[in-house]
Amino acid sequence: MDREQVIRALMHARNLKNYLEIGVFNGHIFFRVKTKFKVAVDPCFPFSTGRKILKTIINPYNLYNRYFQKPADDFFAQDATRVIGKRKIEISLIDGMHEYDYALRDAENVLLRLSQNGVIVMHDCNPLTPEANVSFAEWEARNFAGTWNGDVWKTIMHLRTRGDINVFVLDCDHGLGIITREKPASVLSYTPQQIASFSYSDFDKNRKAWLNLKPAGYFFQHFGLNQ
């Protein structure tokens, strides 16, 4: 199971339509989503106008796409109120900068605009090696070699200190965080300072508990879907 399958299943089962993607990169996921309200946010779109046209021929819903080539912080400060307006975001994929502070701001900004029935899917929540857990600067220093998940797991921990949202991570596709407006069965009691100080070694010892890590099949159980 991967994030595209999760998004497609949620949109179908919950009739979710208003879609926001942060960290679009080459549009692999974004161009496949079928809805008339789609917003793409990324500091750099590495695809050409020709690719946009081709993807619109393949999926006519791409005719309605709106692109914002800027950091997510700038989009929320400058454009979100106008673009989203009185709508609510119903489903969002967060796959931007894979660092605690950035990912947390992205999640909190989307939560401010998320519908009651909405779902946030967050990628890269479960790094399997110390090498995948490094900062962007460290990944850049090794010429972007290897998998990079960063420390998005700290964002998941932070969100799990809240009592107004339910957060768990599916053990697939580098760890898919699922965030909904439901009362959680349990919360974490760490401070932001404590979360920031945790090392990968700490995380590796507490991975299942800290992430509320679930097998991929739990997705269907939680949302009452047929596999």
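Overview of the structure. Counting from 1, residues in each chain are numbered in the order their sequence is written. Reporting of local features is limited, given that this is a predicted model, to residues whose pLDDT is at least 70; pairs of side-chain atoms are given and counted only at 80 or more, and all residues count toward the totals for whole chains, interfaces and linings. Side-chain figures throughout are based on the complete set of non-hydrogen atoms in the structure, without hydrogens or water.

**Considerations on the packing of aromatic side chains**
- Geometry of aromatic contacts follows a simple scheme: Phe, Tyr and Trp rings, the Trp one being its six-membered ring, pair when their centres are within 6.5 Å, and the pair is stacked under 30 degrees between planes, edge-to-face over 60, tilted otherwise. Inspection of every chain in the model, using the stated rule, returns 23 aromatic pairs.
- Ring geometry for Phe30 against Phe31: centres 6.2 Å apart, planes inclined by 65 degrees, an arrangement best described as edge-to-face. Each member of the pair, Phe30 as well as Phe31, carries the same accessibility label: buried.
- Taken together through their ring pairs, the aromatic side chains of Tyr19, Phe30, Phe31, Phe45, Phe47 and Tyr67 make up a single cluster.
- A ring is scored as having a charge over it whenever the NZ atom of a lysine or the CZ atom of an arginine sits within 6 Å of its centre and within 35 degrees of its normal. Over the ring of Phe30 we find Lys38, and its NZ or CZ is 4.7 Å from the ring centre. Exposure is judged per residue with a 1.4 Å probe applied to protein chains only, and the accessible area is read against the type maximum: over 50% gives exposed, under 20% gives buried, and values in between give partly exposed.

**Quick word on the side chain of Asn212**
- Numbered from the N terminus, helices here are DSSP runs of H or I no shorter than four residues, and strands are runs of E no shorter than two. In this structure, Asn212 sits in the loop between helix H9 (200–211) and strand S8 (213–214).
- Whenever two N or O atoms come within 3.5 Å, that pair is a polar contact, provided that in protein one can donate a hydrogen and the other can accept it, and provided that, for residues adjacent in sequence, both atoms are side-chain atoms. Within the structure, the side chain of Asn212 is placed 3.1 Å from the backbone oxygen of Val167, a separation counted as a polar contact.

**Concerning the nonpolar core**
- Ranked by internal contacts, the top residues of the largest apolar core, which has 41 residues, are Leu20, Val39, Phe75, Phe76, Val110, Met122 and Leu159.
- Here the element with the most residues in this core is helix H5 (residues 100–111); it accounts for six residues.
- Dropping the residues within four chain positions of it, Val39 is found in contact with Tyr19, Leu20, Glu21, Phe30, Arg66, Phe68, Phe75 and Val83.
- In this structure, Ile29, Phe31, Ile91 and Leu170 belong to the second largest nonpolar core, which totals 28 residues. Among buried residues, the Ala, Val, Leu, Ile, Met, Phe, Trp, Tyr and Cys ones that are joined through side-chain atoms within 4.5 Å form a nonpolar core. Only heavy atoms enter the contact rule, under which two residues are in contact if any of them lie within 4.5 Å.

**Here's the deal with the side chain of His158**
- Turning to its location among the elements, His158 is positioned in helix H7 (residues 152–159).
- Not counting residues within four places of it along the chain, the set of residues in contact with His158 comprises Tyr100, Leu104, Glu108, Pro192 and Ile195.

**Notes on the pairing of strand S3 (residues 66–69)**
- Two strands make a pair as long as DSSP finds a minimum of two bridges between them. The pairing of strand S2 (residues 38–42) with S3 spans four bridges and is classified as parallel. In the sheet register, Val41 faces S3, and the bridge partner there is Phe68.
- In this fold, the crossover linking S2 to S3 by way of helix H2 (residues 49–58) has right-handed handedness. If you view a crossover with the strands going away from you and the path from the first strand over the helix to the second runs clockwise, you call it right-handed.

**Comments concerning the sheet that holds strand S7 (residues 176–180)**
- The sheet built from eight strands is open, its strands ordered S3-S2-S1-S4-S5-S7-S6-S8 with mixed pairing. One side of each edge strand has no neighbouring strand; the edge strands of this open sheet are S3 and S8.
- Alignment of strand S1 (residues 19–22) against strand S4 (residues 89–94), held across four bridges, turns out to be parallel. Within S4, the residue paired with Leu20 across the bridge is Ser92.

**Quick word on a nonpolar patch on the surface**
- Patches here: salt-bridge-free residues with over 30% relative accessible area, like charges joined within 9 Å, nonpolar side chains (Val, Leu, Ile, Met, Phe, Trp, Tyr) joined within 5 Å. Surface accessibility follows the Shrake-Rupley procedure with a 1.4 Å probe radius. Residue values consider only the protein chains on display as shielding. Any Lys or Arg side-chain nitrogen found within 4 Å of a carboxyl oxygen on Asp or Glu counts as a salt bridge. Together, Tyr61, Leu63 and Tyr64 make up a nonpolar patch on the protein surface, roughly 310 Å² of accessible area in all.
- Along the chain, the position of Leu63 falls in the loop between H2 and S3.

**Things to note about H5**
- Helix span, expected: 1.5 Å multiplied by one less than the number of residues in the helix. Compared with the 16 Å implied by 1.5 Å per residue over twelve residues, the 16 Å span of H5 between its first and last C-alpha is a close match.
- Listed as buried for H5 are Tyr100, Ala103, Leu104, Asp106, Ala107, Asn109, Val110 and Leu111.

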